[in-house]
Every structure is written in structure tokens, then in C-alpha cells.
Amino acid sequence: MENANEYMMIFRYTPKESNTPTPEEQAASSAAWGTFIGNIAIAEKLVSTHQLGFESRQIAADGSLTEGVHLAEGQTLGGNMIVKANTLEEAVSLAKESPILAMGGTVEVRSIVPM
């Protein structure tokens, strides 16, 4: 992949505390994510991926702390994936297979600027 750039997929979803998935639903979700990530890895386009946990603190500009996962517009970040692709369109095409979409979530695909 000579001209490959890196793009980050940012996975967001709306948490539903009242809707705890069954063990079968959790297994199906894990399998779907494994297939999604595995297909990208097999295509040699996977750079890294991270699922975010639920323990968190948010630090404000004044130094105050807020416990818990941050929600914006009812959604929170679930994780991210960095992929190699020749174009943004190619990265978006990969993201369209994300299981987060079946959960009603979203995937934002952004170019990465080296620092």
C-alpha cells in the first residue's frame, strides 16, 4: 500500500442502561466485531484498535473533576480504530461495515495528521 494514509474511525453510541444485553447478544456482538476487525486486518489495513472502558474522570479547565463517562448529545465514545487507506473514501467504505451501525451508533472517519 504505497500511497496509504492513516485514518481514524471513531465509534460512538447511545448507552442504554435499561437494556442490558443477554449473553447470546453479547456473544453475537463480539463475533460481529471480531469479523469486522479481522477482515480489515486480513486486508493488511489495520494499524490499531481500542475499545474504551467505563471507568473515567473528566478534567475541566478549572481543574475540577467529573466522575463517569462523558455523554455529548446522548452519545459516548466506544473506541477507535486506525486504518491504512489510499483515500478518505476507501476508509469510509471500510467503516460502513462497522457493527456499531447495527446498534444505532455512528462512525466518524478522520484523517490523521502526524505530530
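Residues numbered from 1 in each chain as written. Predicted model: local features only at pLDDT ≥ 70, side-chain atom pairs only at ≥ 80, totals over all residues. Heavy atoms only, no water.

## Brief notes about the pairing of strand β5 (residues 76–85)
Each regular strand shows side chains that alternate between the opposite faces of the sheet.
Then comes step 1: Within β5, 8 of the 10 residues are buried, which leaves it mostly tucked inside the rest of the structure.
Then comes step 2: Judged from the 9 bridges that link them, strand β1 (residues 5–13) and β5 form a sheet pairing that is antiparallel. By the bridge assignment, M9 is partnered in β5 with M81.
Then comes step 3: Bridging between strand β2 (residues 46–51) and β5 involves 5 bridges; their strand directions are antiparallel. By the bridge assignment for β5, S48 is matched with I82. (Buried < 20%, exposed > 50% of the residue type's maximum accessible area, 1.4 Å probe, protein only. Helix = DSSP H or I, 4+ residues; strand = E, 2+ residues; numbered from the N terminus. Pairing = 2+ DSSP bridges.)

## Comments concerning the packing of aromatic side chains
Then comes step 1: With the rule as written, the count across this model stands at 3 aromatic pairs.
Then comes step 2: Between F11 and F36, the aromatic rings sit 6.3 Å apart at their centres with planes inclined by 80 degrees, giving edge-to-face as the arrangement. With F11 in strand β1 and F36 in helix α1 (residues 23–42), this residue pair connects regions lying 25 residues apart in the sequence.
Then comes step 3: The buried category is assigned to F11, whose relative accessible area is 4%.
Then comes step 4: Judged by its relative accessible area of 4%, F36 falls in the buried class.
Then comes step 5: In this structure an aromatic cluster arises from ring pairing among F11, W33 and F36. (Phe/Tyr/Trp six-rings, centres within 6.5 Å; stacked < 30°, edge-to-face > 60°.)

## With respect to α1
Then comes step 1: Counted at 1.5 Å a residue, the expected span for α1 with its 20 residues is 28 Å, and the 28 Å between its end C-alpha atoms agrees.
Then comes step 2: The complete set of buried residues in α1 reads W33, F36 and I40. Along α1, the residues classed as buried sweep out an arc of 60 degrees about the axis, all on the same side. Pointing more than 90 degrees away from the buried face of α1 are the exposed residues P23, E24, S30 and I42. (Expected span 1.5 Å × (residues − 1). Arc of directions from axis to C-beta.)

## Remarks on the sheet that holds β1
Then comes step 1: Read from one edge to the other, the open sheet built from 4 strands follows the order β2-β5-β1-β6, with strand pairing classed as antiparallel. With one partner strand each, in any of the chains shown, β2 and β6 (106–111) form the two edges of the open sheet. Across the sheet, the axes of successive neighbouring strands diverge by a mean angle of 15 degrees, strand direction being ignored. (Axes fitted to C-alpha atoms, helices over the stretch in contact; angles between N-to-C directions.)

## Considerations on a nonpolar patch on the surface
Then comes step 1: Together, F54, V69 and L71 give the surface a local cluster of nonpolar side chains, amounting to about 300 Å² of exposed area.
Then comes step 2: One can find F54 in the loop between β2 and β3 (57–59). (Patch = residues over 30% accessible without salt bridge, like charges linked within 9 Å, V, L, I, M, F, W, Y side chains within 5 Å. Areas by Shrake-Rupley, 256 points an atom, 1.4 Å probe, with all protein chains shown as cover. Salt bridge = Lys/Arg side-chain N within 4 Å of Asp/Glu carboxyl O.)

By themselves, these figures tell us nothing about what the structure is for.
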